[in-house]
Amino acid sequence: MFYRRLKRTLAVVSALRSRRHPCYRFSAFFVCTAAGFDSKNPGADPAGRRSAEMEKEEAFKIEISDGLLLYYDRFSFYSQKVVMALHEKNLPFDSKIINLIKSEQYQPWFLYLNPRGEVPVLQDTGKIIPDSARIIEYLEDNFSNGDTPRLIPMDQGPEVRQKVTHFRHVLQKAPQDMLTTGAMLNQHMLRNPKTPFFAPVRKALANAEKNGGKNLRQYAEKNPEHKEVLLKKAQTREETYKKLCVEKNFLGVLEEMHVILEEVEGELAKHNADFNRRDWWLCSSRFTIADVELTILLVRISQLGLEHVFWEAGKRPYIERYYERVKLRDSFKKTVPGTLVLLKTILMTQAPIIIGVVAALALVVGGAIIAAKFA
């Protein structure tokens, strides 16, 4: 019943959106009412009957938006790729934060949107698009004219287009999930980790990796409609944890990343050798989807405290220069959250790590204020 009503809701929204006149832009209250939902009591039915399934419906939280609505977490690697793409394309969007620390991605209402329990998810009124790669392709196919530039240039010839596609695929193969997990399990290899990976957060994440499979199995039992998918995720999580607890295996992940970044460094070096291309990004004079992929990967490496492994001290000077340059872009500043955002997130989460994190962040923020005063 819950899913039937939800589908009816999205169908109604889609029908309303197809009529562009402002009078059809109803609020969420009216749309949900039309589909059979009571805004004050989402689990009530007209006859006043109640059941266990109706109790479940009270958790209904699907937002209604006449336009783009992004479900995401600010610190999620894949979410950041979509957020940066949206800003690069100058696309306005509404957002709903899915707090991964609180495991909101495994709530029944969100599992309806994405049975894998992963962010981001894009809702274009009646359409639901999960997975960052699919979302960006959807944006390219449906929002690439006028003030919304393409992230895969179609007017710079087949060579540029092929290069963008090539590097996008190369960078998508980067084992960033294993890089993050391995970094949490081999913290002695990190140097100067940044937001959000402060010591208390790293400790909590390492513990979360240890219990990740067990927790997923519990969510699988609570959500029988998605049990098979969640159990597969639990098995993968357990295997990854067991593998990356061994430092030698994490070194193998670092080596995979070296291979990818070496190809990127080689491409950037070619630009430097050509005076007319010195101000190019990875594949073109324009910022492309390949640059979005590369930027967010470099952000994660930097946040983890692995810059010294991959580009500092002259290891890859062109990547280091690229990263300093890309941090000046407006889309970067709007995408990558800072320390104060992390503090707000932790305070709202009420997680067990709150005392340690708040203390650590207080020192960071306080030190920044003092430094600014005497600068």
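Conventions we followed
- Residues numbered from 1 in each chain as written.
- Predicted model: local features only at pLDDT ≥ 70, side-chain atom pairs only at ≥ 80, totals over all residues.
- Heavy atoms only, no water.
- Salt bridge = Lys/Arg side-chain N within 4 Å of Asp/Glu carboxyl O.
- Helix = DSSP H or I, 4+ residues; strand = E, 2+ residues; numbered from the N terminus.
- Buried < 20%, exposed > 50% of the residue type's maximum accessible area, 1.4 Å probe, protein only.
- Axes fitted to C-alpha atoms, helices over the stretch in contact; angles between N-to-C directions.
- Parallel < 35°, antiparallel > 145°, perpendicular 65-115°, else oblique.
- Left-handed = near helix turned anticlockwise from the far one by under 90°.
- Contact = heavy atoms within 4.5 Å.
- Nonpolar A, V, L, I, M, F, W, Y, C, P; charged D, E, K, R; others polar.
- Pairing = 2+ DSSP bridges.
- Phe/Tyr/Trp six-rings, centres within 6.5 Å; stacked < 30°, edge-to-face > 60°.
- Lys NZ or Arg CZ within 6 Å of the ring centre and 35° of its normal.
- 1 Å grid on protein atoms, 1.4 Å probe; cavity = no way out; pocket = protein on both sides within 12 Å on 5 of 7 lines; lining within 4 Å.
- Points joined across faces, edges and corners; volume = space filled by probe spheres on them.

## A short note on the pattern of salt bridges
Okay, step 1: Under the counting rule described, the total for this entry stands at 19 salt bridges.
Okay, step 2: Residues Lys 89 and Glu 140 are paired through a salt bridge, measuring 2.7 Å at the closest nitrogen-oxygen approach. Within this pair, whereas Lys 89 is found in the loop between α4 (77-88) and β2 (94-97), its partner Glu 140 is found in helix α6 (residues 132-142), the two being separated by 51 residues in sequence.
Okay, step 3: Judged by its relative accessible area of 0%, Lys 89 is buried.
Okay, step 4: Assessed through its relative accessible area of 5%, Glu 140 is described here as buried.
Okay, step 5: Two residues, Glu 228 and Lys 232, come together in a salt bridge whose shortest N-O distance is 3.7 Å. Placement of both Glu 228 and Lys 232 in helix α10 (residues 227-244) is noted, with a separation of four residues, approximately one turn of the helix.
Okay, step 6: By relative accessible area, which is 52% here, Lys 232 ends up exposed.

## Details of the packing of helix α7 (residues 157-172) against helix α11 (residues 247-273)
Relative orientation and spacing of two packed helices are given, respectively, by the angle between their axes and the distance between those axes.
Okay, step 1: The N-to-C vectors of α7 and α11 enclose an angle of 155 degrees; their axes lie 10 Å apart at closest approach. Classified by the angle their axes make, α7 and α11 are roughly antiparallel. Helix-helix and strand crossings are classified by hand; for α7 and α11 the assignment is left-handed. Where α7 approaches α11, its residues Lys 163, His 166, Phe 167, Val 170 and Leu 171 are matched on the opposing element by Ile 260, Glu 263, Val 264 and Glu 267.
Okay, step 2: Of the residues contributing to the contact of α7 with α11, the split by class is five nonpolar, one polar and three charged.

## Here we look at the sheet that holds strand β1 (residues 68-72)
Okay, step 1: Overall, mixed pairing links the four strands, which are arranged β2-β1-β3-β4 in an open sheet. At either end of the open sheet lies a strand with only one pairing partner, and these are β2 and β4 (127-130). Ignoring strand direction, the axes of neighbouring strands in this sheet form an average angle of 20 degrees.
Okay, step 2: Across four bridges, the pairing between strand β3 (residues 121-124) and β4 is antiparallel. Residue pairing in the sheet places Asp 124 in a bridge with Lys 127 of β4.
Okay, step 3: Contacts from α6 reach β1, β3 and β4, with the element oriented near 130 degrees to β4.

## Notes on the packing of aromatic side chains
Okay, step 1: Counted according to the given criterion, the structure contains 10 aromatic pairs.
Okay, step 2: Measuring from ring centre to ring centre gives 5.1 Å for Phe 77 and Tyr 78, while their planes differ by 85 degrees; the resulting arrangement is edge-to-face.
Okay, step 3: By relative accessible area, which is 8% here, Phe 77 ends up buried.
Okay, step 4: One aromatic cluster is present, built from ring pairs that chain together Tyr 71, Trp 109 and Phe 110.
Okay, step 5: For Arg 329, the ring lying beneath its charged end belongs to Phe 287, and the centroid distance is 4.1 Å.

## What about the layout of surface pockets?
Okay, step 1: If you add up the space inside the second largest pocket, you get close to 190 Å³.
Okay, step 2: Together, Leu 268, His 271, Asn 272, Arg 278, Trp 280, Trp 281, Tyr 318, Arg 321, Tyr 322 and Arg 325 line the second largest pocket.
Okay, step 3: Counting only elements with at least two residues in the lining of the second largest pocket, the list comes to α11 and α14 (317-326).
Okay, step 4: Of all the elements, α14 adds the most residues to the lining of the second largest pocket, at four residues.
Okay, step 5: Residues of the lining of the second largest pocket, tallied by class, amount to five nonpolar, two polar and three charged.

## Details of the packing of α11 against α14
Okay, step 1: Where α11 contacts α14, the axes come no closer than 8 Å and their chain directions differ by 80 degrees. Classed by the angle they form, the pair α11 and α14 counts as roughly perpendicular. Listed contacts from α14 to Leu 261, Val 264, Glu 265, Leu 268, Ala 269 and Asn 272 of α11 are Pro 317, Tyr 318, Ile 319, Arg 321 and Tyr 322.
Okay, step 2: Residues of the contact of α11 with α14, tallied by class, amount to eight nonpolar, one polar and two charged.

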